[in-house]
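Letter by letter, the chains look like this.
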Amino acid sequence: MKDFAGKIAVITGGGTGMGRELARQLVAEGCNVAMCDVSTDAMAETKRLCEVEKLPQGLRITTHVADVSIEEQLLRFRDEIAEQQATDRIHLLFNNAGVGGGGSLFTSSREQWEKTFNICWGGVYLGVRTFLPMLVKADEAHIVNTSSVNGFWATIGPGFSHTAYSAAKFAVKGFTEALITDLRLNAPHVKCSVVMPGHIGTSIVSNSRKVLSGTGSDRLTEAELPLARARLVAIGIDASNMSDEEVQAVAAERARRFRDDAPMTAAAAAKVILDGVKAERWRILVGDDAKRLDERVRQTPEQAYDPEFFQSFAAEVGWRLG
Ligand SMILES: NC(=O)c1ccc[n+]([C@@H]2O[C@H](COP(=O)([O-])OP(=O)(O)OC[C@H]3O[C@@H](n4cnc5c(N)ncnc54)[C@H](O)[C@@H]3O)[C@@H](O)[C@H]2O)c1
């Protein structure tokens, strides 16, 4: 798809981060946007930011509350789009919504594990199922599924369990790669891409906490405090004498650093994604860290989960995660 003007794009998780920046850049190119999120306030801010630019006559930006892991909410989202965008077809589907967390079979609850998996994998699968008929009706269409570097490398470092997110992101990658042939056989005017970002500066750390805890609060709950302490111990910090308030402050600082100290902004990432769609590339690595990690995992797959692999990779690309 060479041009987005006059098209209709659906974005899941459009409230913040890369989803928000995709919405802004698509609107700037004259594309209608329908977004969903679990946060009404965040979507209102995305819409406001989109409207700061002078919109082309008749361009529509619609916001819809829907949890992508729940099929009936996605079906309602689809029906609202048909009505509010006055359409029976869409051209672009960005399955972008995602959360981290619930990473251990030992220390996370089963509910948290499955919530992460059902959002990151289920949301993509159900998103494609829900919108495929509307995509097929368009003259040309493109499905963009967001995986991660964790779609080919299942860790965020030797100190953390990361099973739910990694399993989901591997599934998104495998599904999208298999979809290439399914679409070629059955709907050749519909293309697809898998997006694999490295570290991108967004609020995913704090947003994930809000979604998984169900509190919508920036503060750790009583149940989360011991887990946050254990995380500190895992990265070599003695948390035994820290007060709860100090643990809260360290967690808030970690979320801030993830957003502010990343090698790439969400806006730059959205540009790479949209350029990849225009170039009809099926695999879109986002960031120099993602490209380098892809090379290194292919070069030495057997070493990929050794602590030394992580340390030398993090030093090479300047990752400061923790
Ligand atoms: N930030 C990174 O470093 C990074 C790296 C690799 C992959 N990713 C992936 O990129 C995608 C976008 O993440 P981001 O970094 O922009 O994060 P973000 O938290 O800024 O944005 C994600 C949005 O999805 C929404 N959301 C969460 N659960 C939802 C649900 N069940 N239904 C609907 N919306 C929901 C959140 O409210 C938020 O607005 C995610 O799939 C994430 O896993 C991010």
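Refer to the structure presented above.
What counts and what doesn't
Residues numbered from 1 in each chain as written. Predicted model: local features only at pLDDT ≥ 70, side-chain atom pairs only at ≥ 80, totals over all residues. Heavy atoms only, no water. Buried < 20%, exposed > 50% of the residue type's maximum accessible area, 1.4 Å probe, protein only. Helix = DSSP H or I, 4+ residues; strand = E, 2+ residues; numbered from the N terminus. Pairing = 2+ DSSP bridges. Contact = heavy atoms within 4.5 Å. Axes fitted to C-alpha atoms, helices over the stretch in contact; angles between N-to-C directions. Parallel < 35°, antiparallel > 145°, perpendicular 65-115°, else oblique. Left-handed = near helix turned anticlockwise from the far one by under 90°. Near = heavy atom within 4 Å. Polar contact = N/O pair within 3.5 Å; in protein donor to acceptor, adjacent residues only side chain to side chain. Areas by Shrake-Rupley, 256 points an atom, 1.4 Å probe, with all protein chains shown as cover. Expected span 1.5 Å × (residues − 1). Arc of directions from axis to C-beta. Salt bridge = Lys/Arg side-chain N within 4 Å of Asp/Glu carboxyl O.

Caption draft 1: Structural context of the pairing of strand 1 (residues 8-12). Here strand 1 lies mainly inside the structure; 5 of its 5 residues are buried. Relative to strand 2 (residues 32-37), strand 1 is paired through 5 bridges, and the arrangement is parallel. Bridging across to strand 2, V10 finds its partner in A34. By the bridge criterion, 3 bridges tie strand 1 to strand 4 (residues 92-95) in an arrangement that is parallel. Considered in strand 4, the bridge of I11 is made with F94.

Caption draft 2: Fine view of the environment of I61. On the secondary structure map, I61 appears in strand 3 (residues 61-65). When its relative accessible area of 7% is taken as the criterion, I61 is described as buried. In this view, I61 contacts V27, V33, M35, K47, C50, E51 and L55; residues no more than four positions away in its chain are not counted.

Caption draft 3: Examining the packing of helix 4 (residues 110-137) against helix 5 (residues 163-186) more closely. Put simply, helix 4 and helix 5 touch, their axes get as near as 7 Å, and they point 20° apart. Comparing the axis directions of helix 4 and helix 5 gives the class roughly parallel. Seen along the crossing, helix 4 lies across helix 5 with a hand that is right-handed. In this structure, helix 4 contributes W113, T116, F117, C120, W121, V124, Y125, V128 and L132 to the contact, and helix 5 contributes T163, A164, Y165, A167, A168, K169, A171, V172, F175, L179 and L183.

Caption draft 4: Up close: the environment of A267. Locating A267 in the fold gives a position in helix 9 (residues 266-278). Note on A267: relative accessible area 30%, which makes it partly exposed. What A267 contacts, discounting residues up to four positions off in sequence, is E21 and Q25.

Caption draft 5: Quick look at the site of the ligand. The ligand sits among 30 residues. The nearest are D37, N96, Y165, T202 and N207. At 2.8 Å, a side-chain N or O of T16 approaches an oxygen atom of the ligand. Between an oxygen atom of the ligand and a main-chain N or O atom of N96, the distance comes to 2.8 Å. Here the ligand has 830 Å² of accessible area as a free molecule, and 97% of this is covered by the chains.

Caption draft 6: How the structure looks around helix 8 (residues 244-260). In a regular helix each residue adds 1.5 Å, so 17 residues correspond to 24 Å; helix 8 covers 24 Å between its end C-alpha atoms and thus fits that length. Those residues of helix 8 that sit buried are V247, Q248 and A255. Angular distribution of buried residues about the axis of helix 8 spans 105°; they occupy a single face of the element. Buried residues in helix 8 make contact with helix 6 (204-213) and helix 7 (224-234).

Caption draft 7: How the structure looks around the side chain of S208. Within the secondary structure, S208 sits in helix 6. There is a polar contact of 2.6 Å between the side chain of S208 and the backbone oxygen of I204. Beyond its immediate sequence surroundings of up to four residues, S208 is in contact with V99 and G100.

Caption draft 8: Just the sheet that holds strand 1, in detail. The sheet built from 7 strands is open, its strands ordered 3-2-1-4-5-6-9 with parallel pairing. Looking at the sheet topology across the chains shown, the edges are occupied by strand 3 and strand 9 (283-286). Across this sheet, the average inter-strand angle for adjacent strands is 15°, counted without regard to direction. Pairing of strand 4 with strand 5 (residues 141-146) involves 4 bridges; the strand directions are parallel. The residue of strand 5 that forms the bridge with N95 is N145. The strands that helix 9 touches are strand 4, strand 5, strand 6 (190-197) and strand 9; relative to strand 9, the one it contacts most, it runs at about 160°. Along the sheet face, helix 10 (residues 288-299) touches strand 6 and strand 9 and points at about 115° away from the line of strand 9.

Caption draft 9: Inspection of the pattern of salt bridges at higher detail. Counted under the stated rule, the structure contains 24 salt bridges. Across the salt bridge formed by E140 and K7, the nearest N and O atoms sit 3.6 Å from each other. One end of the pair, E140, is in the loop between helix 4 and strand 5; the other, K7, is in the segment before strand 1, with 133 residues separating them in the sequence. According to the relative accessible area criterion, E140 is partly exposed, its value standing at 30%. When the shortest N-O distance is used, the salt bridge between K278 and E29 registers 2.9 Å. Taken together, the residues K278 in helix 9 and E29 in the loop between helix 1 (17-28) and strand 2 connect sequence positions 249 residues apart. Of the residues examined, K278 reaches a relative accessible area of 23% and is grouped as partly exposed. The network of salt bridges with shared partners includes E253, R256, R257, R259 and D260.

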